[in-house]
Each structure stands twice: as structure tokens, then as C-alpha cells.
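Structural overview for review
Below are the chains, spelled out letter by letter.
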Amino acid sequence: MEPTDQYNFSIFRPRNLHGKKNRNVILSMLLIWVVTVFGFQFLLKGIQEPTPEKSLLMFESTWPEAVKGTLSPEDFQSFLRSLVLVRGKNTVKAEEQDVISEAITVAVFDVVPDSIRSDILLLIANKTRLNSELAQVKDQEYLNIKKEITEIDNTLIRFTEPYSGFSLGSLEATLLISSLRNEYPESLSDKAFTKLPQIMKLYLIHNQSKLTDTKFLGFPFHYFYTAVFLLILFIILCIVYNILIEWRLKKQGVIE
Amino acid sequence: MKKIYLMLIMLFSVFTSLNAESLTQLEGSFKTVPAIILIAVLLTFVLVGVFFRAKDPADYYAAGRKISRVGSGMAIASNWMSAASVLGMAGMMYGFGYNGLAYVVGWTGGYVLLLILMAAQIRKYGKYTAPDFIGDRYYSRDLRIASAVFTILISFAYCVGQFGGIGLMFKWILGLNYTWAVIIGSSVVLLYTLISGMIGATKNMQVQYVIIVISFLVPVFIMAFKFDYFWLLPQIGYGAAVTDIVQGIPAPNIADGVALMNAYGHDFAIVPSPEFAMPWDPSTGTTFFQWIAICFSLMVGTAGLPHVIQRFYVVPKVTDARWSVVWGLFFICLVYWTAPAYSAFGKLLSSNPDVGFLAKDAIVVYTAQLGGINTLIVGLLAAGAISAAFSTVSGLLVAGASAFSHDLYVRVINPDSTPKVQLKIARIGTIIMGVMVTVVALLKLGLIAQLVSVAFSMAACTIFPLFLLGIWWSGSNRAGAKAGLFTGTVVTIISITYFIVGLSGGSLPGQELISYWLNVWYFAWIGAPLAIIANIIVSLLTKPTPLEIKKFLAEQVHN
């Protein structure tokens with residue numbers, strides 16, 4: 001009868017020299033794999049610092065004055081700019097976009113004269129109507145309505161430029177006029193008043209570090225490492241493993 | 001292979017005979033050129049399926065072990081690259097920034113595990129299916145049945161995401177509503193799988209891989225060139241686009257005296273958006289823990305997916321099993337290096353508020369449209385995405401049908417059945433599964449990548465520990481395997497139950513806690529280790545593995 005422990009084995013307790021060497025290769029590969037994938041992410045986490053965007057600093061320095069309604073023209077532009085730059089992020093959730101749009105609308109309508117305000121409201125109402133028509137038309141009719149909307153947008157930008165400082169053609173101007181609502185609420189709702197500072201912080205503070213701020217081949221380094229380098233490394237690990245195993249098998253005359 | 005080349009030439013001639021047309025809307029209308037391309041591609045698949053159709057069960061399950069290393073690598077890649085890879089991954093990065101990269105790393109890093117821990121050993125063990133291996137290794141009919149059931153469930157969960165992706169693309173091309181698009185798409189993929197079986201599927205997978213890669217890569221080269229990035233290697237060139245997103249691009253954006261714009265005439269400009277690239281950004285609603293948990297679950301799940309493991313039975317030699325992983329991974333990486341570029345270009349091209357919220361799972365096609373890419377190429381891209389889903393679904397349905405007919409029907413219900421009956425049962429199993437998946441896909445339970453990740457976590461908690469310990473520890477016995485499988489199953493059931501209750505608006509004790517730490521998209525981070533620990537403890541406390549199993553493992557599997 002054969003002894004029962006003759007065939008006992010585990011990856012940590014191989015049966016022979018070939019098994020031991022095989023184990024060493026496997027464990028080395030696994031160690032490299034774990035450290036390069038997860039070790040890097042832990043490093044990234046370890047050295048990260050919550051870093052605000054400039055827009056948050058602009059917002060926080062102007063928000064108290066905005067609440068009191070005592071913003072200087074320059075501070076008003078900084079305040080508006082900070083709102084617009086968050087409104088322009090397309091990761092902002094719909095309900096949060098509403099809060100920011102409300103804040104932008106109140107801020108703009110507060111500073112423009114009454115006559116311009118009524119013109120702006122009229123233009124926005126027209127634009128809303130055209131946008132709803134746009135969904136039902138095609139081809140040339142679609143393009144015609146698009147052209148009308150663009151003209152309205154340009155007029156709105158010209159109306160608001162002296163106050164916002166956003167000139168025609170700038171991204172900020174486009175974002176500003178797309179945020180304006182077709183009603184003038186006169187003051188921020190309680191919900192918007194409470195939520196706005198939280199929303200600004202949420203979207204304007206990021207986990208950054210030397211690894212995220214360093215550029216490599218145009219990428220932020222950490223992004224390159226994860227999206228490109230790790231995949232290359234996986235292929236290299238596989239090739240090295242195959243070569244090592246086959247070299248060892250050949251050396252020992254093993255035919256699989 | 002000549003037949004395949006001929007069909008590819010026919011397909012190419014269809015493309016070149018068509019004129020480009022311009023798209024004015026992202027969604028909503030019937031798109032003629034993409035529809036013709038889709039039909040041509042599907043016809044090619046069916047023809048390849050007919051030419052290389054299965055003649056007996058051995059052909060159906062394992063393609064007669066006639067596939068070369070590179071061919072097997074292509075089949076692995078094609079089988080692997082599903083709608084989740086082609087559509088879902090870019091969508092995750094578009095919506096969740098850096099956390100989307102956990103899918104890229106998770107779905108590639110798992111192949112390292114698969115290679116060094118499984119591929120050659122599975123081939124040496126010499127079984128056709130995962131339940132075959134588990135039933136034999138653990139000398140247990142119960143475990144064979146349980147693993148067959150899990151194989152079906154995993155394939156099922158995986159297919160749900162694929163059918164969702166097929167539905168999205170059919171919806172985009174045909175201008176139908178989602179329900180009809182899913183029903184039509186599902187019917188076509190079922191028909192194809194029934195006609196071809198795996199030998200047709202394996203040949204088809206090679207054709208599908210070529211179509212997927214060409215259709216996926218070409219638009220990125222064009223967009224990189226058009227928007228003034230390093231286009232010769234856009235997989236590196238888009239790095240500057242990522243930095244541009246982080247720092248913002250002012251409008252107007254002029255390059256060589258020309259203003260860069262998207263297809264709608266919006267400036268190629270964006271406000272500073274570091275949340276796109278910065279790790280686990282709070283605004284994306286994702287955390288460091290989730291990154292690690294998703295990545296780990298996907299990696300371990302990769303090494304436990306029955307339809308992936310099954311591919312190693314179709315290579316002629318053990319060494320081919322190893323090298324086919326390398327080829328497969330390389331072919332997969334070609335697409336995975338490119339997917340983040342879609343999300344970056346998508347971010348830049350959709351930054352204008354007029355574009356509005358875009359469905360994340362269709363961002364690849366929207367990006368190409370917004371980038372002003374020729375309709376012919378966008379159509380090919382959509383057809384490529386459908387090819388990706390088709391190739392995976394056919395593999396999954398075959399794996400599920402194999403488990404049903406080979407492991408349940410033949411081994412348990414009717415051992416005396418003829419090959420003809422077995423094939424018939426496999427086909428009936430395919431139809432039942434296809435119909436059920438279609439029904440669940442219509443519920444739209446999540447994003448494609450998320451739905452697919454359920455299958456990975458399930459595989460990681462159930463199949464992976466059985467294979468890992470079954471191959472690498474002779475002490476793992478039947479009782480231990482049952483305990484491990486039970487533990488993995490319990491974790492899986494808890495996670496899925498909380499998910500369903502949460503989705504339906506209900507609440508169970510600790511709903512929030514469990515929904516976060518045992519989330520249905522990544523519960524394997526704890527489920528897999530627990531299953532392994534349970535297996536080890538119970539194995540140590542119970543009757544040892546029979547000598548003949550230990551002997552077979554030592555002599556046959558580990559030389």
C-alpha cells in the first residue's frame with residue numbers, strides 16, 4: 001500500500017525541486033502583481049491631499065459678500081465665474097445643476113437694469129420655445145431653428161457681457177446663458193442657499209498629490225500608470241512566466 | 001481560413017459601395033448606413049457559423065481542439081471583449097472618472113492569475129467543463145450539480161449586461177424603443193448560437209475580433225488627428241487630452257488657424273474638470289475602497305469564469321494553453337488601452353451644455369458622432385460593439401448549455417442519452433436561457449459594466465476557490481469544497497437580496513451598510529477570501545482527500 005502523504009502537496013509545500021522552483025516563480029509573480037496594482041493605489045491614497053480648485057477660493061472669498069449683496073463689480077465677476085465653472089462640469093447631477101443655475105440667475109438679474117432684465121427674460125422664453133420645437137424637426141428646419149437659437153444666445157451674451165465680463169465666443173459666456181432661467185426669483189431659495197456652498201466644495205476639491213500633478217507622456221502620471229503601464233506590465237509578467245516555466249521544463253527534460 | 005477571408009472581402013466591398021451620410025441627431029431615427037453594415041456583419045457571422053458548424057457534442061463543447069495559439073488568443077479576446085469592454089468600460093470612466101479604471105485593470109490583471117494559477121493545470125487535468133473538473137476533483141455528484149447550476153447562473157448574469165448592450169446598439173441603429181431593440185437583438189444572437197455552436201463560434205470569434213479591433217481603433221485615430229493630439233499612437237496621444245480636461249481648454253480652441261469644434265459646432269473646449277482623472281474623486285460618488293474592491297473582484301472573478309476557463313480545453317497542448325493567454329491578453333489590451341481615449345474625447349466633445357446628459361453606456365458611439373466621424377465608420381463601430389456582445393454571448397450560452405446538457409442532463413438525469421439527444425438538449429437549454437436573459441435585460445437594472453461585474457463576483461465567490469484550492473492544495477476535500485461553496489453562496493445571496501430590496505425601494509436591517517460593503521458589483525472582495533478560508537478549515541477537520549485524487553494531481557497536473 002502506498003503511503004498517503006507521498007502525494008500530499010500545496011503551493012507552499014511542493015513535492016520536489018521542480019515544484020519548489022515553480023512555486024518561487026509563481027509567488028514572485030504574484031508579489032509583483034499585488035504590489036504594482038494595489039500597492040500603487042495605496043501609495044496614491046497615502047500621499048493624497050484634498051486640493052481645492054482656484055474657483056473654490058474665488059467662491060469662498062466672495063460668498064459672504066454675495067449673501068449680503070455688497071459685491072464689488074470685480075468680486076461679482078469672480079463669484080459668477082466660480083459658479084459658471086462648476087455649472088460647466090458635466091458630472092454635476094441634475095438637481096445640483098438646478099441649484100447652481102438658480103444662483104447664477106439670481107446673481108445676474110440682480111445686477112442688470114430692469115429694462116435689460118425684461119429683454120433677457122423675453123429672449124430666454126423664446127429660446128425655451130424654440131428648444132422644445134427642435135426635438136420634433138429634422139434636416140433644414142432643424143438647422144434653421146438652431147440658427148435662431150444661436151442668434152438669441154449671441155444677443156444674451158452681448159446683454160450680459162458688461163456685467164459678467166464673459167465675452168462672445170468664450171466658454172464661460174455659453175455656460176452663463178445656458179444657465180439663465182426664464183423667471184426672476186429675486187432671491188435664492190432656502191434650499192439653494194444651504195446647498196450651494198456644499199455643492200461648490202464637492203465639485204471643486206480633488207485628491208491630488210505629486211503623483212497626480214506630475215506629467216508623463218502628456219498624462220497625469222498616476223493615470224498613465226494605471227491605464228497604460230499596468231496593462232503592459234501584465235503582458236510582460238505573462239511572457240516572463242511562460243519563458244521561465246518552459247525553460248525550466250526543457251532543462252529538466254519534462255514533456256507536458 | 002480562405003472562406004473567412006472571402007467573407008471579410010465581401011463585407012469590405014459592402015462598406016466601400018456605400019456613401020457616407022451625415023447624422024444630425026445622436027438618437028431617435030433609423031440610421032440606414034449603420035443598419036446595412038450591421039446586417040452585413042451579422043450575415044458574415046451566420047455564414048461563418050454555417051461553414052464551421054458543430055457536428056457532434058465534442059465539436060460543440062470544445063471545438064475539437066483544433067485551434068492554434070494565436071487563433072485561440074483571438075478567440076479568448078473576442079469571447080472576453082463583450083459589450084462591457086467595448087461600451088461599458090468607457091462609460092464607467094466617462095461617468096465615474098478614475099474609478100472606471102478599476103474595470104480596465106481588473107479585467108486585464110485577472111489574466112495574470114489565470115495564467116500562473118490555472119491555465120496549464122486545467123488543460124492538464126483534461127476535462128471539458130468547469131463542473132466536470134469540480135465533480136471529478138472533489139469526487140462529488142452534488143458539487144458537480146451545484147457548480148453546473150452556478151455556471152448557468154454566472155453565464156446568465158453575464159448575459160444580462162450583454163443583452164442590454166445589444167439592445168442599446170439596436171436601439172441606436174434601428175431607431176426603435178429599448179424593449180423592441182432588446183427583443184430583436186436577443187433573437188438574432190440566439191439564432192446564431194444555435195446554428196453555429198462552439199466550433200462555429202471559435203472561428204467566428206476570430207472574425208469578430210478583427211471587426212471589433214478595427215471598428216474600435218479607427219475612430220480614435222481619426223479623432224486624435226482631428227483634434228490635434230498625437231494620432232500615430234492615440235492610446236498614448238489621448239494623455240494630453242486627459243491633462244486638457246484636468247486643466248480646462250478655453251474657447252475658441254484654434255489649431256493651425258482652424259477652430260476645433262464638435263459635430264454640432266460647439267467649441268472643443270471644457271472647464272477645468274480634475275474630477276475626470278483624480279483618484280476616487282468625491283464628486284463622482286466613488287471611494288478608494290470601491291476602487292480596490294471592484295478591481296480585486298474582477299481580477300479574481302476572471303480566473304473563475306466558467307466560459308473563460310472553458311477556453312483552455314480547446315487548445316491542443318498545455319504549452320498552447322499558456323501562450324494563448326498571452327496572446328489573448330495582448331489582443332484584449334489593444335482595446336483596453338483605447339477605451340479610456342473614448343471617455344476622454346467623449347468628455348471634451350460633450351462638454352457643451354446643449355449636448356445634455358448622455359447615456360454612459362452609449363458614450364463610445366456618441367463620442368464618434370460628436371467627433372464628426374464619417375457615418376460609415378460610426379456604423380461600423382456600432383456593429384463592432386454588437387459583434388463584441390455577440391461573441392461573448394455565444395460563448396456564454398454555449399457554456400450555460402454545456403452545463404445544462406453535459407453536466408446536469410447527461411451526468412445526472414439521463415446518462416444513456418445519445419450524442420444527438422445531448423445536442424438537442426444543449427440547444428433547448430440555450431433557448432430557455434436566452435429567453436430568460438432577455439426578460440431580465442428589459443428591466444435595466446444597472447450599467448453594462450456593473451451588471452457584468454455581478455457575474456465576476458459570483459464566479460469569484462463560488463467557482464474560483466474550488467479551482468484554486470482544487471489545483472494547488474491536495475488537502476482540499478469534498479467537505480471543504482462544500483463548505484467553501486456554501487460560504488460563497490451565502491455572501492452572494494445576501495448581496496443580491498439587499499440589492500433587489502434596495503432597488504425596489506425597500507429596506508432590510510443594515511441596508512445602507514450592506515449595500516456599501518457587500519455591494520452587488522464587488523462583493524467578492526470579502527466573499528472569495530471567506531470561501532477559501534471555509535474550504536481550508538473544513539478540509540483540515542474532515543476526512544482527507546482520497547489517495548487516487550492526490551496521486552492524479554501530483555502526477556498528471558503537477559508533473
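The model shown is predicted, which means the values in this text are computed figures rather than measured ones. The numbering scheme is per chain: residues are counted from 1 as the chain's sequence reads. Throughout, the order in which chains and ligands are written sets their labels, letters from A for the former and numbers from 1 for the latter. Reporting of local features is limited, given that this is a predicted model, to residues whose pLDDT is at least 70; pairs of side-chain atoms are given and counted only at 80 or more, and all residues count toward the totals for whole chains, interfaces and linings.

**What about the overall build of chain A?**
Helix numbers and strand numbers start at the N terminus; a helix is a DSSP run of H or I with at least 4 residues, a strand a run of E with at least 2. Scanning chain A from terminus to terminus reveals ten helices and four strands. The order of helices and strands in chain A, counted from the N terminus, is α-β-α-α-α-α-α-α-α-β-α-β-β-α. Between the two quantities, the radius of gyration covers C-alpha atoms and the globule rule is 2.2 Å times the number of residues to the power 0.38. For 256 residues, the compact-globule estimate of 2.2 N^0.38 gives 18 Å, and the C-alpha radius of gyration of chain A, at 31 Å, exceeds that figure by more than 25%. The principal-axis extent of the C-alpha atoms belonging to chain A is close to 105 × 50 × 40 Å. Looking at chain A as a whole, 32% of its 256 residues are labelled buried. The burial criterion counts other C-beta atoms lying within 10 Å of a residue's C-beta, which is placed from the backbone; the residue is buried at 20 or more, exposed at 12 or fewer, and partly exposed between these limits.

**As for the overall build of chain B**
The helix and strand inventory of chain B stands at 22 helices and two strands. Residues counted as buried form 64% of the 559 residues belonging to chain B. Any residue pair is listed as a contact if its two C-beta atoms, each placed from the backbone, are within 7 Å. The contacts of chain B with a sequence gap of at least 6 include a subset with a gap of at least 24, amounting to 82%.

**Regarding the interface of chain B and chain A**
The partner chain A presents 64 residues to the 66 residues of chain B that form the contact. Residue assignment for the side of chain B that touches chain A shows that the elements contributing at least two residues are helix H6 (101–125), helix H10 (234–247), helix H11 (288–302), helix H13 (318–336) and helix H22 (547–557) of chain B.

**Section: the nonpolar core**
Ala382 and Ala385 of chain B are the most contacted members of the largest nonpolar core, which has 253 residues in total. In terms of residues, this core owes the most to one element, helix H16 (residues 375–413) of chain B, which gives 21 residues. An automatic or database domain assignment supplies the start and end points of every domain. Each of domain 1 (4–48 + 212–251) and domain 2 (52–208) of chain A contributes no fewer than three residues to this core. Ignoring sequence-local partners within four residues, the contact set of Ala382 of chain B consists of Pro34, Leu38, Met169, Trp172, Ile173 and Val365 of chain B. Nonpolar core, as used here: buried Ala, Val, Leu, Ile, Met, Phe, Trp, Tyr and Cys residues forming one set through C-beta atoms within 7 Å.

**Comments concerning the domain arrangement of chain A**
Once the domains are mapped, chain A shows domain 1 (4–48 + 212–251) and domain 2 (52–208). Distance from the C-alpha centre of domain 1 of chain A to the C-alpha centre of domain 2 of chain A: 51 Å.

**Digging into the packing of helix H4 (residues 69–80) of chain B against H13 of chain B**
Residues and elements named next belong to chain B. Convention adopted: a line fitted to C-alpha atoms gives each axis, helices being fitted over their contacting stretch, and angles between N-to-C directions are expressed from 0 to 180 degrees. Interaxial distance between H4 and H13 falls to 7 Å at its minimum, and their mutual angle equals 50 degrees. Judged by the inter-axis angle, H4 sits oblique to H13. The crossing of H4 and H13 is right-handed. Contacts from Arg69, Val70, Ser72, Gly73, Met74, Ile76, Ala77 and Trp80 of H4 reach H13 at Asp320, Trp323, Ser324, Trp327, Gly328, Phe331 and Ile332. Here the word oblique covers every angle except those under 35 degrees (roughly parallel), over 145 (roughly antiparallel) and from 65 to 115 (roughly perpendicular). Here a crossing is taken to be left-handed if its near helix is turned anticlockwise relative to the far helix by less than a right angle, and right-handed if that turn runs clockwise.

**Details of unusual backbone geometry**
Of note in this structure, Leu217 of chain A is not a glycine but carries a positive phi near 50 degrees. Relative to the helices and strands, Leu217 of chain A is located in the loop between strand E3 (215–216) and strand E4 (219–220). With 14 C-beta atoms counted inside 10 Å, the residue Leu217 of chain A sits in the partly exposed group. The backbone of Lys444 of chain B shows a phi angle near 50 degrees, a positive value even though the residue is not glycine. Looking at the element boundaries, Lys444 of chain B is found in the loop between helix H17 (419–441) and helix H18 (448–472).

**Remarks on helix H19 (residues 478–503) of chain B**
Along its 26 residues, H19 of chain B runs 37 Å from first to last C-alpha, staying within 8% of the 38 Å computed at 1.5 Å per residue. Gly505 of chain B lies just past H19 of chain B and shows a positive phi near 90 degrees. Given the number of residues in a helix, its expected span is that number minus one, multiplied by 1.5 Å.

**Regarding the pairing of strand E2 (residues 205–208) of chain A**
Residues and elements named next belong to chain A. Both faces of E2 are covered, namely the face carrying Ile205 and Asn207 and the face carrying His206 and Gln208. In terms of strand pairing, strand E1 (residues 49–52) meets E2 through four bridges, oriented antiparallel. Across the sheet, the residue bridging to Glu49 is Gln208, located in E2. By this definition, two strands are paired if DSSP reports at least two bridges between them.

**With respect to the packing of helix H10 (residues 221–251) of chain A against H6 of chain B**
It is at 10 Å that the axes of H10 of chain A and H6 of chain B come closest, and there the two elements cross at 5 degrees. It follows from the interaxial angle that H10 of chain A and H6 of chain B lie roughly parallel. Of H6 of chain B, the residues touching H10 of chain A (which contributes Thr226, Ala227, Leu230, Leu231, Phe234, Leu237, Cys238 and Tyr241 of chain A) are Leu101, Val104, Val105, Thr108, Gly109, Tyr111, Val112, Leu115 and Ile116 of chain B.

**Remarks on the confidence of the model for chain B**
All names here are of chain B. The pLDDT averaged across chain B works out to 85; a share of 89% of its residues lies at or above 70. The weakest mean pLDDT in chain B belongs to helix H1 (residues 2–16) at 50; the strongest belongs to helix H21 (residues 524–541) at 97. Per residue, pLDDT captures the predictor's confidence, and it can take any value from 0 to 100. In this model residues 12–24 is a low-confidence stretch, pLDDT under 50, and it forms 18 contacts with partners more than four residues away in sequence or in other chains. What the predictor reports for the complex is a pTM of 0.90 with an ipTM of 0.90.

**Some remarks on the environment of Phe76 of chain A**
Residue and element names in this part refer to chain A. Checked against the element boundaries, Phe76 lands in helix H3 (residues 73–87). A residue is classified by how many C-beta atoms lie within 10 Å of it, and Phe76, with 20 of them, is buried. Placed 20 residues apart in sequence, Phe76 and Leu56 show a C-alpha to C-alpha distance of 14 Å. The residues touching Phe76, leaving out its near neighbours within four places in the chain, are Leu71 and Val111.

**Comments concerning H6 of chain B**
Residues and elements named next belong to chain B. Given a rise of 1.5 Å per residue, 25 residues ought to cover 36 Å, and the 35 Å separating the end C-alpha atoms of H6 matches this to within 8%. Bend is computed residue by residue as the angle between axes fitted to the seven residues ending at the residue and the seven residues starting at it. Largest kink in H6: about 55 degrees, centred on Leu114. With 24 of 25 residues buried, H6 lies mostly within the body of the structure. Just downstream of H6, Gly126 is the residue with a positive phi angle, here 75 degrees.

**As for the environment of Ala399 of chain B**
All names here are of chain B. As for its placement among the helices and strands, Ala399 is situated in helix H16. Judged by local crowding, Ala399 falls into the buried class, with 27 C-beta atoms found within 10 Å. Spatially, the C-alpha atom of Ala399 lies 9.8 Å from that of Ile154, the residues being 245 residues apart in sequence. For Ala399, the contacting residues outside a window of four places in its chain are Thr151, Ser155, Pro306, His307 and Gln310.

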